[in-house]
Amino acid sequence: MAFPPGKKVIFEHEGVFIHSSTEELDDQDSLISGFLRIVDKVLINNVVVEYKPLEDTVDPSNMLCACKDSSSVVEWTQRPHRSVDQQLSYETEWDMVNAVSFKRKAHTNGGSNHLHERNKRSFSFNVADLRSVTVKCEGWSYLIFCLRDDTTLPAIHFHQGGSQAFLDSLRKSVQLSESPDDENLLLVGTYSKAFSQSFENLLDDTNYGLVQKFKKDPYTTTFGGFSKVTNYFFDAFRPSESECQQRPAEEMADILGELIPGLEINQQEEPGFEVITRIDLGTRPEVQRREPVLLENWAKHQDSEGRLSNVPHLKHLIFKGGLCHAVRKEAWKFLLGYYPWDSTHEDRKTLQKRKTDEYFRMKLQWKSVSEEQEKRNSRLRDYKSLIEKDVNRTDRTNKFYEGLDNPGLILLHDILMTYCMYDFDLGYVQGMSDLLSPILYVMENEVDAFWCFVSFMDQMHENFEEQMQGMKTQLIQLSTLLRLLDLAFWNYLEAQDSGYLYFCFRWLLIRFKRELHFQDVLRLWEVMWTGLPCQNFHLLVCCAILDSEKQKIMDRHYGFNEILKHINELSMKLDIEEILIKSEAIYMQIKNCKDLPHSVSEILGLNTVTDSSTLETSEYGVLESPQSSPRPAHRQDQAFSNGHGLLQETSRNRCKVAFIS
């Protein structure tokens, strides 16, 4: 169907039904089939959901599908569900089920009433007016829309599939988050364009407002976007000059919750919340680091066929001392899950050959796109432009990437472009070049670097998704840990409008890549990739840094701006060995606590009940898998891992932790 100028169809699906009589589902007259669309009215900046019945009644039992040649008609048996993108991407001559004909059904004497019923069932609404979507399944999925004026629209039944594609398309215009009280209910929140733009510019260095640039240190020139994000948060609830009193904590929590749905911090006792008094964690134990694992130590853990033995002990050695650089090229492939720990030399040669073929097939996809094709592919153009911009400013002071026409920069560019082919839904987001750069530096090989980067992105994927679920979860978890470790400091931050710890945003987003010297980043990442001593160890690294800075922040009475400036100025001044010592000591202190809150145990993965037949126990007492599993191709079907499930479970049961001094 052609749409007038100024309108853009985001989603369209035919064969969506309304049941006019729930008691007569076997009667085809009770089924009203129609089109469901999401339309962007560009000129007036409105996105509308429309449902319109088909012109003719449809008997699903008489559906036919036709080839390009209309004479080639086959009887309908089962129509496979594909996403909208897939449906539109197939050429007609190859798509046997793309053209669907409907056998007209003669109207009975009650036909006119039926037509009136269909017309009455038409509806449309602005997505800004949508309050919630109920998602249910009874052999097929159906959705119920509830508007903000309490209007409940008729249930829309997806007999032929398509509900997930509709929700995915709807998420481009609004935020959908699971209700705390009903797992079948999705609550709707609208995007803040200002915040979205701030996130896109998080790592952009074109403007810098709050903190001055440091000319001598090129890393600090990247703080502009970070300042924009935090200032955006602060401006949203900053008191006006005429206000002499601070806004109530509950009001500030509500405002920030609107900016980042799901980012909720309990400000008071409420029914159904777990209330925990101040906990004495005891003395923090002394911790010692060890020397890095050398080549001979690594070789001792391999048998004659190349299998690695005593993997838990080897991971412990890496956690305690890291790796010497000569070992990293091989060891990182195991730590990141590219190589299985129990693989032989021959297994790895076969895997590498297969992965090399797969990589260059994907690389050929974007390499073979002509200029004319690129003109008609705006997403690919955008990815390419952003990658070229970021590559030209990534680690240019490192000898591996410095100078003009550097081959390292070409590889960086090509790997990131190929990743867009591997995961086109995510594509490229600013910050991903920071995650690839150290991996390519260590691997010195395009194919190996790509697949190790893929494994790392499996862990970091949620940080870069549009919903930012990973960032929301981590900020909540970090706040919970800090309240346990030092309630007085957390209360001070809260009093300075900093209790949400958004100044740690970039730490979490790219795993301290711009806070540490390059070689220290390599050490920190390989330590974290061991999975020891607990899950979400990087959150304890955050706590260790804040613990070292808390006295200065409190003694000097830093406010919001001063805290942000002070945290930014820590870049390139942190001692990685001291941080790792303190992080491990904090872990030991928490682990030794007898009355540890359940939420904290969940975050760190302590006392997890798991099938012991498939897990090995490390000397830290944490159950760990011998081999990491790759991220499934369809992330929407994947449960949160690495402690991210806490947010879902917490939201569902409305159980948070309130600490009382």
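All of these numbers come straight from a predicted model, not from anything done at the bench.

1. Brief notes about the overall build of the protein
Along the protein, the regular secondary structure elements total 24 helices and 16 strands. For the protein, the residues scored as buried account for 51% of the 661 residues in total. A fraction of 69% describes how many contacts in the protein between residues 6 or more apart in sequence connect residues 24 or more apart.

2. A look at the side chain of R514
In this structure, R514 sits in the loop between helix 18 (505–509) and helix 19 (518–529). One polar contact links R514 to D434, side chain to side chain, over a distance of 2.7 Å.

3. Concerning the pairing of strand 8 (residues 130–137)
Strand direction decides the pairing type here: strand 8 and strand 9 (residues 141–147), joined by seven bridges, are antiparallel. Looking at the pairing, V135 lines up with L143 of strand 9. Here strand 8 folds back onto strand 9, and the loop between the two strands holds three residues, one of which, G139, carries a positive phi near 90°.

4. Comments concerning the nonpolar core
Counting residues in each nonpolar core, the largest one holds 121 residues, and the members touching the most others are W298, I439 and F464. Top element by residues in this core is helix 15 (residues 446–464). It accounts for eleven residues. Beyond its immediate stretch of four places on either side in the chain, W298 contacts V293, L308, L314, I318, V327, E330, A331, F334 and W341. V133, L147, I156 and F166 belong to the second-largest nonpolar core, a separate cluster that totals 28 residues.

5. A short note on unusual backbone geometry
Between L532 and the following residue, P533, the backbone shows a cis peptide bond with an omega angle of -5°. For P533, the location among the structural elements is in the loop between helix 19 and helix 20 (537–555). The phi torsion at M468 lies on the positive side, around 55°, for a residue other than glycine. Here M468 lies in the loop between helix 15 and helix 16 (469–485). The exposure class assigned to M468 is buried, which follows from its relative accessible area of 4%. Even without a glycine there, the phi angle at H557 is positive, about 55°. Its place among the elements puts H557 in the loop between helix 20 and helix 21 (560–568).

6. Quick notes on the pattern of salt bridges
According to the stated counting rule, one finds 29 salt bridges in the structure shown. We note a salt bridge from R307 to E305, for which the minimum N-O separation is 2.3 Å. For E305, a relative accessible area of 42% puts it in the partly exposed group. Residues joined by salt bridges that share partners form a network here, namely R284, D486, D547, K550 and K582.

7. Structural notes on the packing of helix 16 against helix 17 (residues 487–495)
Closest axis-to-axis distance for the helix 16/helix 17 pair is 5 Å, and the angle between their directions is 125°. On the basis of the axis angle, helix 16 is oblique to helix 17. Residues S479, L482, R483 and L485 of helix 16 pack against L487, F489, W490 and L493 of helix 17. Among the residues forming the contact of helix 16 with helix 17, the class breakdown is six nonpolar, one polar and one charged.

8. Things to note about the environment of R396
Mapped onto the secondary structure, R396 falls in the loop between helix 12 (378–391) and helix 13 (407–422). On the basis of relative accessibility, which here comes to 26%, the residue R396 falls in the partly exposed class. Here the alpha-carbon distance between R396 and N406, two residues ten residues apart in the chain, equals 9.8 Å. Setting aside anything within four residues of it in sequence, one finds R396 in contact with V391, Y401, E402, G403, L404 and L409. Among the polar contacts made by the side chain of R396, one reaches the main-chain carbonyl oxygen of Y401 at a distance of 2.8 Å.

9. Regarding the environment of D390
Within the secondary structure layout, D390 lies in helix 12. Judged by relative accessible area, which is 4%, D390 ranks as buried. Note: C-alpha distance between D390 and V429 (39 residues apart in sequence) is 9.8 Å. With residues near it in sequence (within four places) discarded, D390 still touches Y428, Q430, G431 and S433. For D390, the side chain forms a polar contact with the side chain of Y428, separated by 2.7 Å.

10. Describing the packing of aromatic side chains
All chains considered together, the criterion is met by 29 aromatic pairs. Geometrically, the ring pair formed by F334 and W341 is tilted, given 5.4 Å between the ring centres and 35° between the ring planes. You can call F334 buried: its relative accessible area is 1%. Residue W341 is classed as buried on the basis of its relative accessible area, which comes to 6%. For the pair F450 and W451, a centre-to-centre distance of 4.8 Å together with 80° between the ring planes defines the contact as edge-to-face. W451 matches F450 in its accessibility class, with the two residues each being buried. Chaining the aromatic ring pairs together yields one cluster made of F11, Y51, F123, F125, F145, F158 and F166. Looking at K355, its charged tip hangs above the ring of W451, at a distance of 4.0 Å from the centre.

11. Details of helix 8 (residues 311–321)
When you tally the buried positions in helix 8, you get ten out of eleven residues, the bulk of the element. Taken together, the buried positions of helix 8 are V311, P312, L314, K315, H316, L317, I318, F319, K320 and G321.

12. Here we look at helix 17
For helix 17, the set of buried residues is L487, F489, W490, Y492, L493 and E494. Where helix 17 ends, the next residue or the one after it, D497, has phi of about 60°, a positive value.

13. Let's talk about the confidence of the model for the protein
Taken as a whole, the protein shows an average pLDDT of 75; of its residues, 65% reach a score of 70 or greater. Considering only residues more than four positions removed or in separate chains, one finds that residues 56–118, a stretch of pLDDT under 50, has 71 contacts. Every residue in residues 192–247 scores below 50 in pLDDT, and together they form 111 contacts with partners more than four places removed in sequence or on other chains.

Scoring rules and cut-offs
Residues numbered from 1 in each chain as written. Predicted model: local features only at pLDDT ≥ 70, side-chain atom pairs only at ≥ 80, totals over all residues. Heavy atoms only, no water. Helix = DSSP H or I, 4+ residues; strand = E, 2+ residues; numbered from the N terminus. Buried < 20%, exposed > 50% of the residue type's maximum accessible area, 1.4 Å probe, protein only. Contact = heavy atoms within 4.5 Å. Polar contact = N/O pair within 3.5 Å; in protein donor to acceptor, adjacent residues only side chain to side chain. Pairing = 2+ DSSP bridges. Core = buried A, V, L, I, M, F, W, Y, C linked by side-chain atoms within 4.5 Å. Salt bridge = Lys/Arg side-chain N within 4 Å of Asp/Glu carboxyl O. Axes fitted to C-alpha atoms, helices over the stretch in contact; angles between N-to-C directions. Parallel < 35°, antiparallel > 145°, perpendicular 65-115°, else oblique. Nonpolar A, V, L, I, M, F, W, Y, C, P; charged D, E, K, R; others polar. Phe/Tyr/Trp six-rings, centres within 6.5 Å; stacked < 30°, edge-to-face > 60°. Lys NZ or Arg CZ within 6 Å of the ring centre and 35° of its normal. pLDDT = per-residue confidence, 0-100.

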